[in-house]
There are 2 protein chains.
Amino acid sequence: MKTVSTARAHGGTQGVYSHESTATGTTMTFSVFVPPLDEGQRAPVLWYLSGLTCTHANVTDKGEFRAACAEAGIAFIAPDTSPRGEGVPDDPQGAWDFGLGAGFYVDATEEPWAKHYRMRSYVEDELPALIVSEFPMLDCSRQSITGHSMGGHGALTIALRNPDRFRSVSAFAPIVAPGQVPWGEKALGGYLGDDRSAWRAADAVAMIEDGARVKEVLVDQGDADNFLAEQLRPELLARACADAGIDCTLRMQPGYDHSYHFISTFMADHVRWHGERLKADR
Amino acid sequence: MKTVSTARAHGGTQGVYSHESTATGTTMTFSVFVPPLDEGQRAPVLWYLSGLTCTHANVTDKGEFRAACAEAGIAFIAPDTSPRGEGVPDDPQGAWDFGLGAGFYVDATEEPWAKHYRMRSYVEDELPALIVSEFPMLDCSRQSITGHSMGGHGALTIALRNPDRFRSVSAFAPIVAPGQVPWGEKALGGYLGDDRSAWRAADAVAMIEDGARVKEVLVDQGDADNFLAEQLRPELLARACADAGIDCTLRMQPGYDHSYHFISTFMADHVRWHGERLKADR
């Protein structure tokens, strides 16, 4: 692992790091905020998965998470959203909703994507193992996860697959049912192929229908979000959770759009909500 | 005035606007955050002047001011740092510390700068008048000012010139004595010419020595700031203030650098400090 930069921020340290990923076969960059810690103290971890077109940098610059993380004593990790670099194929039309910046947190099985587009393995297995070995001040027995849009999809599906690893999951304007919306149909069709049955393990609503469970979910959604009706459809998650007995809090936020102005407004709330769960006796 | 974008944020509205400036002869862009207001309520105003290489966007994206401004009911205005566009000359070597992004909040008298580089008139006169006419929900009888680095220099000099207009002035890692440091010597020499006596009206320490007064100043400065010893030299301000009977609070912040990680850490403090003064009976 290489340190790209570190800076003191809100009493802790905001770092950016890179490493050679086995999962993606590329150099991957991510950011970690470590809150102020007393000697010997270790911080629980909140993962944040970003949305389409983003890198680690968008939330690191604009997410306004550091003050709340410093106060709650929580570390904040932001991975990239796709492999990048020479030899990594992109959407043939250069579209922003597939390929670079749009890995969708799946392991592609279709060519030419299967070689590098392995963001599920990267975010779910490889990067957590790197964090354990490189950041001894983080307590990886206490982890939670959140994300925005495509990253909300990532957070929900990863939490549903690993209910024992994550104490809590939340999302900002998530894609909840990629198998039922245009962004998801394009991405899952491209990375996983035409057989829709293979998509269900990468679709939060389908996973819940098929028996996956978490205890509870917190979702914030702006009602002025241009993608709400066609791409996000949080009501599908609310209904699936209700049917499955999962406690789903879906807060419609009047006037908010899909941008970091929305995310940063509710970020501190999410950090505190996860903090309560990360610090509770289990 | 044209609205470039608006978005709901922290219960208020973050906007970006542009207009044709008479002072600079160019299109100028700025941002305004209006906090949540009750019917008929008006918000006092905090100006933020940015540092070298920045536009309105850096602090708007990374300043982390909105939560504190929303809570205190304060509007936040961020102008650009120089004229821009076709026909605006730049540093002949393309340096980042002169020309575009480096207007230094002075009205240039030297050619070829004198035509467009009129940032003192722009920030001190033209933009405030535009704000009064376009933002009736702002209470411009209550204004304060802050800034970073070159913008700290701007905030200090503008406040010293207009002690009745601004209730309070603070700065993050300001250039306090441009006439005594390399950045300032290059900028003031370039824009104002070789006669150093003409620089004194654009130099906070010299202005105080020459009799300009404010009641008090709050300055935060990181002690890991690469520019501290050569370019910033806040001890010169502290000494001038002590000699002049100005209450100067200079807080050296251990481990902090010159970046927005430093600014955003102490932004909420500055917003609250100005808020107390903006809301006090006068």
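How each quantity is defined
Residues numbered from 1 in each chain as written. Chains lettered and ligands numbered in written order. Predicted model: local features only at pLDDT ≥ 70, side-chain atom pairs only at ≥ 80, totals over all residues. Heavy atoms only, no water. Helix = DSSP H or I, 4+ residues; strand = E, 2+ residues; numbered from the N terminus. Rg over C-alpha atoms; globule rule 2.2 N^0.38 Å. Buried < 20%, exposed > 50% of the residue type's maximum accessible area, 1.4 Å probe, protein only. Areas by Shrake-Rupley, 256 points an atom, 1.4 Å probe, with all protein chains shown as cover. Lys, Arg positive; Asp, Glu negative; His and termini not counted. Charge placed at Lys NZ, Arg CZ, Asp CG, Glu CD. pLDDT = per-residue confidence, 0-100. Contact = heavy atoms within 4.5 Å. Buried area = accessible area lost by both parts, 1.4 Å probe. Salt bridge = Lys/Arg side-chain N within 4 Å of Asp/Glu carboxyl O. Pairing = 2+ DSSP bridges. Axes fitted to C-alpha atoms, helices over the stretch in contact; angles between N-to-C directions. Patch = residues over 30% accessible without salt bridge, like charges linked within 9 Å, V, L, I, M, F, W, Y side chains within 5 Å. Least-squares fit on C-alpha atoms with pLDDT ≥ 70 in both.

Draft legend 1. Geometry of the overall build of chain A. What chain A contains, in helices and strands, is 9 helices and 9 strands. Relative to the globule expectation of 19 Å for 282 residues, the C-alpha radius of gyration of chain A, 17 Å, shows essentially globular dimensions. If you line up chain A on its principal axes, its C-alpha atoms span 55 × 45 × 35 Å. Taken over 282 residues, chain A has a buried fraction of 61%. A total accessible area of about 10,600 Å² is found for chain A, and carbon and sulfur atoms account for 47% of it. Averaged over its 25 positive side-chain charges, chain A has a centre that lies 4 Å from the centre of its 38 negative ones.

Draft legend 2. Fine view of the confidence of the model for chain A. Of the residues in chain A, 100% have a pLDDT of 70 or more, and the chain-wide mean is 97. Here the prediction assigns the complex a pTM of 0.96, and the interface score ipTM is 0.94.

Draft legend 3. Structural view of the interface of chain A and chain B. In this assembly, 18 residues from chain A lie in contact with 18 residues from chain B. Contact with chain B buries area across many residues of chain A, yet Arg8, Glu64 and His261 of chain A alone supply 38% of it, more than any other trio. Where chain A meets chain B, there are 2 salt bridges. With a closest N to O distance of 3.2 Å, arginine 66 of chain B and glutamate 64 of chain A form a salt bridge.

Draft legend 4. Representation of the side chain of serine 18 of chain A in the model. Looking at the secondary structure, you find serine 18 of chain A in strand β2 (residues 12–20). Setting aside its immediate chain neighbours within four residues, serine 18 of chain A contacts Met1, Lys2, Val4, Thr27, Met28 and Thr29 of chain A.

Draft legend 5. Representation of the sheet that holds strand β3 (residues 27–34) of chain B within the structure. Residues and elements named next belong to chain B. A sheet is described by the order of its strands in space; here 9 strands give the open sequence β1-β2-β3-β5-β4-β6-β7-β8-β9, paired in mixed fashion. Each edge of the open sheet is held by one strand with a lone partner, namely β1 (2–9) and β9 (247–253). Going across the sheet, the axis of each strand differs from the next one's by a mean of 20 degrees, ignoring polarity. In the packing of helix α3 (residues 119–134) onto the sheet, contacts are made with β2 (12–20), β3, β4 (43–49), β5 (75–78) and β6 (138–147), and the angle to β3 comes to roughly 55 degrees. In the packing of helix α8 (residues 234–244) onto the sheet, contacts are made with β8 (216–222) and β9, and the angle to β9 comes to roughly 155 degrees.

Draft legend 6. Structural detail: a negative patch on the surface. Residue and element names in this part refer to chain A. A cluster of acidic residues, Glu110, Glu111, Asp194 and Asp195, forms a negative patch on the protein surface. Along the chain, glutamate 110 falls in the loop between β5 (75–79) and α3 (119–134). Note on glutamate 110: relative accessible area 32%, which makes it partly exposed.

Draft legend 7. Representation of the relation of the copies chain A and chain B. Each copy of the sequence occupies a distinct position, and chain A is placed on chain B by a rotation of 180 degrees and an axial shift of 0.0 Å, giving an RMSD of 0.0 Å. The transformation relating the two chain copies, once decomposed into turn and shift, fits a two-fold axis. Residues of chain A ranked by C-alpha distance from the rotation axis are headed by lysine 62 of chain A, positioned 2.7 Å from it. Take the interface residues of chain A: 100% of them recur as interface residues in chain B, which is what a same-surface contact looks like.

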